[in-house]
Amino acid sequence: MSATKQWDISKALAVASLFHFFHNFGKFCVIPFLTIFFRYLGLSPPLVGIVMGIKHIIYVFWAPLCSFVARSNRKRRLLITSSLFLSAGAGLALTFFPPLEKDVVLKYCNVSLPWKDRLTTPAALDFEMFGPDLNTSFVATVAPPTTTTLATSMFTNLSHTTITNSVMKTISASKTLEGSDATDVIAHLSSPTPTSETFTLHQKRLKHVTNSRLPKKKVGISSSKLPARDTTSAQAHQVEGNGSDSPALSPKPNASKHSVHQKKVRDVSVSQSVQEYFLDKEHKTFLIVSGIIIVWAVFAAPLEWTADDSLYEYLDFVDATDRHNNVWFWRYMGACLGSCSIVFLIDNLSCFLIADIPQVYLHFYGYSAFMIITLILSTFYPIYVSKKSEHANKTIKALGLIGSDGRIILLSLTVFLTGAVGSTAHNFLFWQLQDIGSTELYMGASISLALFSEVVLHFFREQLLKAFSFKWTVAFSLGCLAVQFLYYSFLWTPWAVLPIQLLSAFSNGVLFWAVNSQAENVATPGTERSIQLVLHCLSHDCGASIGSFASGFIISSFSLPILYQACCVTLLLWLLVFLLVQPRLPHTKKINYSRLLAADNSDMSDSEDEQERDWLVKAMKDDTKKW
């Protein structure tokens, strides 16, 4: 292979751009909609926050570690290909287990129809009547051999204590109900009006039918007519039926045997209560989902970090690192198209694709398909294998540089805070849109609009950074982010989320530009990109993890609009702190000589009359203006 073909920079950049385009296309098919899928599974906000927080923690620690190990052992291509293949399989795992119930899918599908028109099964009707406290799976599977069995089965799984105690006492005495009356009672109990008055009417109706069919004379129930396992229940019925006037009572058991029996029953009841508390349906689903997400994050976390490191070192070897920033455009375009195309496809399909396969699974199918396409492109991805055994970790050097400058520390805390409050919007904004009747089409459009606005504003980046100083650039971005969260708390219709997403260009985009410019000012040669990665990835993801953990519990205690208003107040308070503290922090001016040496020779002059154009003097003046 010729040297010209081997170091073809244009070809390498084209392959890298396609690689990141298809990877982000598949990534944004599913990642923004993960919390919506968790809601379909029945997870509560605290559990969703825990799952998302664990995912961010894995990205913080596992991605740089794997990238360092792969670089030291010259196994970057193996790590990239295996990461793509395994993450594609892990994404598909959520489509097999735990399965989604049809009624839950129908609840959030076809939201343009009234909720009662979307219910098709008795379980869904009971879900509408009793709410989430009712186990909706038992009604559709109950067998009606007898009136007593049918009536009892409808209430054995009710978790609401007041309904169970009041209704079960009445049903246990109705041993002679006729089929027509019982059917009438059960049909009346299934009416979808979940109010306390309705429950009172159900109880009165059932009590009236029971009293009208019971015999006038108290009759004891013989234990011989009951199964052997119901002996204790039969004795209880016999005592209750005979009353105090009955001369014949069941024989008193032996005291020692009775105490041993009570102890066994008590131990069994306690163990069953503990098992039901810790291993109910929601917690079982949570454990399964957490395990799959952890495995998925372990496979997918090192991919972007390792691929970006490989491309940067490849371009650094051929002295073309200035072209590394051209790849970000294709990442954003892949994310824009991925988030909007998948929801457009889903919006034009029925709730179920084939049999019991819901349309929400298309998110995972799209993700896996594009990971396979990216896997094919990874075989041509530009990777430079250094012959030197370099074991220095630039991430540790970047952390040392950040800790030595007070203003960079303040900036990293700002990025941490924006990651914490931003995770609340990433995790639960779509929940709020669903609550006001939004389809996934508006959700995907909001993501695409936010990313596209950042792309458009990037062309005016230089003018914006020159017009504002660093301090006011960060303050402006924090103010725009606070306005976004305040607006989120008052959403009234699905389309209302679209205009406010335009502010993402000023809140997220402007802040990251300010971070990049500040990182270049304090970096030593070769550490610019490492400082940017520490601020953008590590600090931001640490904040996102803490924000995910906290936001779920705040929503369960208060509400989602209150959470967004609290985020707005927090950002405004931090804005005041930043404006007061930042000018008072000491700053050691540093000049990036590696960047200055790459400047145009026309800026250099040996003439004393043109000393103002000297590159060193000009650099020092530019450095002074930035502060």
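Residues numbered from 1 in each chain as written. Predicted model: local features only at pLDDT ≥ 70, side-chain atom pairs only at ≥ 80, totals over all residues. Heavy atoms only, no water.

Q: Give me the lowdown on the overall build of the protein chain, citing residues and values where you can.
A: Counting its secondary structure elements, the protein chain contains 28 helices and two strands. Partitioning the contacts of the protein chain with sequence separation of at least 6, the portion at a separation of at least 24 is 80%. As presented, the protein chain carries roughly 32,600 Å² of accessible surface, and 64% of it is formed by carbon and sulfur atoms. (Helix = DSSP H or I, 4+ residues; strand = E, 2+ residues; numbered from the N terminus. Contact = heavy atoms within 4.5 Å. Areas by Shrake-Rupley, 256 points an atom, 1.4 Å probe, with all protein chains shown as cover.)

Q: Please provide a residue-by-residue account of the packing of aromatic side chains, values included.
A: Summed over all chains, the structure comprises 23 aromatic pairs. An angle of 80 degrees between the planes, with centres 5.3 Å apart, marks the rings of Phe-21 and Phe-22 as edge-to-face. The exposure class assigned to Phe-22 is partly exposed, which follows from its relative accessible area of 21%. Seen in terms of ring centroids, Phe-476 and Phe-506 are 5.7 Å apart; in terms of plane orientation they differ by 85 degrees. Their pairing is edge-to-face. With a gap of 30 residues between them, Phe-476 in helix α22 (residues 470–488) and Phe-506 in helix α24 (residues 504–522) connect regions that are remote in the sequence. Three or more aromatic residues link up through ring pairs in this structure, and these residues are Phe-21, Phe-22, Phe-25, Trp-328, Phe-329, Trp-330, Tyr-332 and Phe-370. The aromatic ring of Phe-352 is capped on one face by Lys-102, whose charged end is 5.9 Å from the ring centroid. (Phe/Tyr/Trp six-rings, centres within 6.5 Å; stacked < 30°, edge-to-face > 60°. Buried < 20%, exposed > 50% of the residue type's maximum accessible area, 1.4 Å probe, protein only. Lys NZ or Arg CZ within 6 Å of the ring centre and 35° of its normal.)

Q: Residues and numbers for the environment of Gln-484, please.
A: Looking at the element boundaries, Gln-484 is found in helix α22. Along the chain, Gln-484 and Ala-425 lie 59 residues apart, while their C-alpha atoms are 9.7 Å from each other. Dropping the residues within four chain positions of it, Gln-484 is found in contact with Ile-500, Gln-501, Leu-503, Ser-504 and Ser-507.

Q: Any details on the environment of Leu-429? Residues and values, ideally.
A: Counting through the fold element by element, Leu-429 comes out in helix α19 (residues 406–435). The exposure class of Leu-429 is buried, given its relative accessible area of 4%. Separated by 60 residues in the primary sequence, Leu-429 and Ser-489 place their C-alpha atoms 9.5 Å from one another. If we ignore the near neighbours within four places in the chain, the residues touching Leu-429 are Thr-424, Tyr-488, Leu-491, Val-497 and Tyr-564.

Q: Describe the side chain of Ser-448, naming the residues involved and giving the relevant values.
A: When you line up the elements, Ser-448 lands in helix α20 (residues 440–458). Look at Ser-448 and you get buried, because its relative accessible area is 11%.

Q: Lay out the confidence of the model for the protein chain in plain terms, naming residues and giving numbers.
A: Confidence along the protein chain averages 74 in pLDDT terms, with 64% of residues attaining 70 or more. Element-level pLDDT for the protein chain is lowest in helix α8 (residues 138–141), with a mean of 35, against a maximum mean of 95 in helix α17 (residues 362–378). The low-confidence segment residues 185–202, where pLDDT is below 50, has 27 contacts with residues more than four positions distant or belonging to other chains. The model gives residues 204–253 a pLDDT under 50, and that stretch makes 33 contacts with residues more than four places away or in other chains. (pLDDT = per-residue confidence, 0-100.)

Q: Let's hear about unusual backbone geometry: which residues, and what values?
A: Positioned with a positive phi, Arg-74 is a non-glycine residue whose angle comes to about 55 degrees. Tracing the sequence through the fold places Arg-74 in the loop between α4 (45–72) and α5 (76–93). One non-glycine residue, Asp-319, lies in the positive phi region at around 60 degrees. For Asp-319, a relative accessible area of 70% translates into the label exposed.

Q: With reference to specific residues and values, describe the nonpolar core.
A: Counting residues in each nonpolar core, the largest one holds 118 residues, and the members touching the most others are Phe-37, Phe-38, Trp-296, Phe-485 and Ile-531. Examining the composition of this core, we find that 13 residues originate from one element, helix α15 (residues 281–317), more than from any other. Residues in contact with Trp-296, not counting those within four places in the same chain, are Val-30, Leu-34, Ser-87, Ala-90, Gly-91, Leu-94, Phe-364 and Tyr-367. Among the nonpolar cores identified, the runner-up in size contains five residues, and Leu-464, Ala-505, Val-510 and Trp-513 belong to it. (Core = buried A, V, L, I, M, F, W, Y, C linked by side-chain atoms within 4.5 Å.)

Q: Could you give me a rundown of the packing of α19 against α20, with the residues and numbers involved?
A: α20 packs onto α19 with a crossing angle of 140 degrees between their chain directions and a minimal axis gap of 10 Å. Here α19 is positioned oblique relative to α20, judged by the angle of their axes. Note on packing geometry: the crossing formed by α19 with α20 is right-handed. Along its contact with α19, which presents Phe-430, Leu-433 and Gln-434, the element α20 presents Met-443, Ser-446 and Ile-447. Looking at side-chain class alone, the contact of α19 with α20 contains four nonpolar, two polar and no charged residues. (Axes fitted to C-alpha atoms, helices over the stretch in contact; angles between N-to-C directions. Parallel < 35°, antiparallel > 145°, perpendicular 65-115°, else oblique. Left-handed = near helix turned anticlockwise from the far one by under 90°. Nonpolar A, V, L, I, M, F, W, Y, C, P; charged D, E, K, R; others polar.)

Q: Let's hear about the environment of Ala-566: which residues, and what values?
A: Tracing the sequence through the fold places Ala-566 in helix α26 (residues 560–581). Ala-566 sits 12 residues away from Ile-554 along the chain, and the two C-alpha atoms are 10.0 Å apart.

Q: Can you lay out the pattern of salt bridges for me, pointing to particular residues and giving the numbers?
A: Within this structure, the stated rule accounts for nine salt bridges. Between Asp-435 and Arg-39 there is a salt bridge whose closest N-O contact spans 2.8 Å. With Asp-435 in helix α19 and Arg-39 in helix α3 (residues 34–40), this pair connects stretches of sequence that are 396 residues apart. In this structure, Lys-281 engages Glu-101 in a salt bridge whose closest nitrogen and oxygen atoms are separated by 2.2 Å. Placement of the pair is Lys-281 in helix α15 and Glu-101 in the loop between α5 and α6 (102–108), with a sequence separation of 180 residues. (Salt bridge = Lys/Arg side-chain N within 4 Å of Asp/Glu carboxyl O.)

Q: Describe helix α25 (residues 528–557), naming the residues involved and giving the relevant values.
A: For the α-helix, the turn length of 3.6 residues means that residues three or four positions removed from each other point alike. With 30 residues, α25 extends 43 Å between its outermost C-alpha atoms, agreeing within 8% with the 44 Å of an ideal straight helix rising 1.5 Å per residue. Where α25 bends most, at Val-534, the angle is about 30 degrees. With 21 of 30 residues buried, α25 is to be regarded as a mostly interior element. (Expected span 1.5 Å × (residues − 1). Bend = angle between axes of the 7 residues up to and from the residue.)

Q: Please provide a residue-by-residue account of the side chain of Gln-501, values included.
A: With respect to the helices and strands, the residue Gln-501 is situated in the loop between α23 (497–500) and α24. Within polar-contact distance, the side chain of Gln-501 engages the backbone oxygen of Ser-446 at 3.3 Å. (Polar contact = N/O pair within 3.5 Å; in protein donor to acceptor, adjacent residues only side chain to side chain.)

Q: Which residues make up the packing of helix α16 (residues 327–347) against α20, and what values do they have?
A: The geometry of a pair of packed helices is captured by two quantities: the angle between their axes and the separation between those axes. Here α16 crosses α20 at 160 degrees, and the two axes come no closer than 8 Å. With respect to α20, the axis of α16 lies roughly antiparallel. The handedness of the crossing between α16 and α20 comes out as left-handed. Residues Trp-328, Phe-329, Tyr-332, Ala-335, Cys-336, Ser-339, Cys-340, Val-343, Phe-344, Ile-346 and Asp-347 of α16 lie in contact with α20, whose contacting residues are Glu-440, Leu-441, Gly-444, Ile-447, Ser-448, Leu-451, Phe-452, Glu-454, Val-455 and His-458. Of the residues belonging to the contact of α16 with α20, the class tally is 14 nonpolar, four polar and three charged.

Q: Describe the state of the cysteines, listing the residues and the values that go with them.
A: One pass over the structure, following the stated rule, counts zero disulfides. The closest cysteine sulfur to the non-disulfide-bonded Cys-340 is located on Cys-336, 7.3 Å from its own sulfur. Cys-340 sits in the partly exposed class, given a relative accessible area of 29%. (Disulfide = S-S within 2.5 Å.)

Q: Tell me about a nonpolar patch on the surface, residues and numbers included.
A: Residues Leu-345, Leu-349, Leu-353, Ile-354 and Ile-357 make up a contiguous nonpolar surface patch of about 390 Å² in total accessible area. For Leu-345, the position within the fold is in helix α16. (Patch = residues over 30% accessible without salt bridge, like charges linked within 9 Å, V, L, I, M, F, W, Y side chains within 5 Å.)

Q: Outline α17, supporting the account with residue identities and numerical values.
A: For α17, with 17 residues, the first-to-last C-alpha span of 24 Å sits near the 24 Å given by 1.5 Å per residue. Along α17, 12 of the 17 residues are buried, which leaves the element largely enclosed by surrounding structure. Of all the positions in α17, only Leu-362, His-363, Phe-364, Gly-366, Tyr-367, Ser-368, Phe-370, Met-371, Thr-374, Leu-375, Leu-377 and Ser-378 are classed as buried.

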